[in-house]
Amino acid sequence: MSQATSVPPDQPTYWNEEGGQRWVSNIQRVERMIEPFLTRLVRHAAPQPGERVLDVGCGGGVTSAAFAGAVGPSGNVLGLDVSMVILAVARERYAAVANLSFALGDAATMPLDAGHFDLVSSRFGVMFFADPVAAFAKLRSALKPGGRLAFICWRALDENPWMADCVRAAFTVLPIPEPQPPTAPGPFAFADGARLRDILGQSGYTDISIEPHDQVLDLGSIDDAVTQMTRMGPAASAFAAASATDQAAVVTAVRAALKPHLSGGSVRMASATWLAGARRG
Ligand SMILES: C[S@@+](CC[C@H](N)C(=O)[O-])C[C@H]1O[C@@H](n2cnc3c(N)ncnc32)[C@H](O)[C@@H]1O
């Protein structure tokens, strides 16, 4: 599958342009699919009343709002995202939540108050850093001494058939993009748990834990699943650029890949993630 892992190299640009547009146009479907990770991440991160939380790559703000509820009125949450177009969704949704605010910026470079947060967390928002050691070190300095890092990220593409099967099907039609190194910034950059542990160690964290979490995903109806899986992931850019004829052929191929997993009106497929935890120390 190495040919299928190509992603645009400049992630902030990607998320402000085609990636951000596609995420927003697909946001209801994808948030529904990844909803089970919200519950799991909140349990893992264990936000406490009164805490200050930073939600990195907050997207449409669903996780930020959940953390805001958990920390209550004496705590507060900052949702941070590099994409203006995606953050606009979060701002509109949660304008009325008093202890939740949002900021536009690159978590790897934007100024953050030193020693301010009790918890830095993320659902699938920290795999896009060009220099992950520098970025996680920066996030560490925004934590109070003893503060926690807790996030969820994908394991390898090949361990995630909900994506891999669709990518494989799409690239039977679409031109296979230039291969990228498996550690290139992108959704599957932390496939290697040992490398992830090493990155967090080099960034200065202690008490590092990297636990596998397997979850069956509900991709909704077959029509929703096909729409979603042609608009996100490693084949999405090539699909968007393809002719109408090729797009129709991709839809047929992706539908055929998804159909064996249709039961009771929903496509249900396995996923594999890491639940990562660490402390500032
Ligand atoms: C896969 S989406 C996840 C969104 C959200 N956390 C959720 O679970 O719904 C990744 C998000 O990370 C954001 N992102 C990517 N790189 C970032 C960076 N360097 N700093 C801040 N946000 C970033 C993207 O704009 C996007 O909204």
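Each remark here, short or long, concerns the structure printed above.
Participant: Report on the overall build of the protein chain, specifying residues and quantitative values.
Facilitator: Check the secondary structure of the protein chain and you find 12 helices and eight strands. Its C-alpha radius of gyration of 18 Å places the protein chain within 12% of the 19 Å reference for a compact globule of 281 residues. Overall size of the protein chain, expressed as C-alpha extent along the three principal axes, is 55 × 40 × 30 Å. Counting only residues that meet the buried cut, the protein chain has 52% of its 281 residues in that class. Summed over its atoms, the accessible surface of the protein chain is roughly 11,600 Å², and 55% of this surface lies on carbon and sulfur atoms. Positive and negative charge centroids in the protein chain, built from 23 and 26 side chains respectively, lie 5 Å apart.

Participant: I'd like to hear about the side chain of Asp-81, residue by residue, with values.
Facilitator: Structurally, Asp-81 can be placed in strand E2 (residues 76-81). One buried charge, Asp-81, has no salt-bridge partner; the nearest side chain with opposite charge is Arg-91, at 9.7 Å. There is a polar contact of 2.8 Å between the side chain of Asp-81 and the backbone nitrogen of Gly-59. In terms of polar contacts, Asp-81 uses its side chain to reach the backbone amide nitrogen of Ser-83, at 2.8 Å. Residues within four places of Asp-81 in sequence aside, it is in contact with Gly-57, Cys-58, Gly-59, Leu-87, Ala-103, Leu-104 and Gly-105.

Participant: So what's going on with empty space enclosed by the protein? Which residues, and what values?
Facilitator: Evaluated as defined, the whole model comprises one cavity of 30 Å³ or more. Of the volumes computed, that of the largest cavity is approximately 60 Å³. Considering the residues around the largest cavity, the lining is formed by Cys-166, Val-167, Ala-170, Leu-174, Met-229, Thr-230, Met-232, Ala-235, Ala-236, Phe-239, Val-250 and Val-254. Here the element with the most residues in the lining of the largest cavity is helix H8 (residues 161-170); it accounts for three residues. Looking at side-chain class alone, the lining of the largest cavity contains 11 nonpolar, one polar and no charged residues.

Participant: Residues and numbers for unusual backbone geometry, please.
Facilitator: The phi dihedral of Phe-124 falls on the positive side, at around 60 degrees, and the residue is not glycine. Mapped onto the elements, Phe-124 comes out in the loop between strand E4 (117-123) and helix H7 (132-141). Judged by relative accessible area, Phe-124 falls into the buried class, the value being 11%. For Asp-207, which is not glycine, the phi dihedral falls at a positive 50 degrees. For Asp-207, a relative accessible area of 56% puts it in the exposed group.

Participant: I'd like to hear about the site of the ligand, residue by residue, with values.
Facilitator: Near the ligand lie 18 residues; those nearest to it are Gly-57, Asp-81, Asp-106, Ala-107 and Arg-123. Contacts to the ligand include Asp-106, whose side-chain N or O atom sits 2.8 Å from a nitrogen atom. Here a nitrogen atom of the ligand and a backbone polar atom of Ala-107 are 2.9 Å apart. Taking 590 Å² as the accessible area of the ligand by itself, protein coverage stands at 97%. Here the shell around the ligand is built from residues that sort into 10 nonpolar, five polar and three charged.

Participant: Outline the pairing of E2, listing residues and values.
Facilitator: Most of E2 sits out of view: five of its six residues are buried. Sheet analysis places strand E1 (residues 52-56) next to E2, joined by five bridges and oriented parallel. Paired with Val-56 across the two strands is Leu-80, which belongs to E2. In this region the chain leaves E1, passes through helix H5 (residues 62-71) and returns to the parallel neighbour E2; the handedness of that crossover is right-handed. Where E2 and strand E3 (residues 100-104) come together, five bridges link them in parallel fashion.

Definitions and cut-offs
- Residues numbered from 1 in each chain as written.
- Predicted model: local features only at pLDDT ≥ 70, side-chain atom pairs only at ≥ 80, totals over all residues.
- Heavy atoms only, no water.
- Helix = DSSP H or I, 4+ residues; strand = E, 2+ residues; numbered from the N terminus.
- Rg over C-alpha atoms; globule rule 2.2 N^0.38 Å.
- Buried < 20%, exposed > 50% of the residue type's maximum accessible area, 1.4 Å probe, protein only.
- Areas by Shrake-Rupley, 256 points an atom, 1.4 Å probe, with all protein chains shown as cover.
- Lys, Arg positive; Asp, Glu negative; His and termini not counted.
- Charge placed at Lys NZ, Arg CZ, Asp CG, Glu CD.
- Salt bridge = Lys/Arg side-chain N within 4 Å of Asp/Glu carboxyl O.
- Polar contact = N/O pair within 3.5 Å; in protein donor to acceptor, adjacent residues only side chain to side chain.
- Contact = heavy atoms within 4.5 Å.
- 1 Å grid on protein atoms, 1.4 Å probe; cavity = no way out; pocket = protein on both sides within 12 Å on 5 of 7 lines; lining within 4 Å.
- Points joined across faces, edges and corners; volume = space filled by probe spheres on them.
- Nonpolar A, V, L, I, M, F, W, Y, C, P; charged D, E, K, R; others polar.
- Near = heavy atom within 4 Å.
- Pairing = 2+ DSSP bridges.
- Right-handed = clockwise from strand over helix to strand, strands pointing away.

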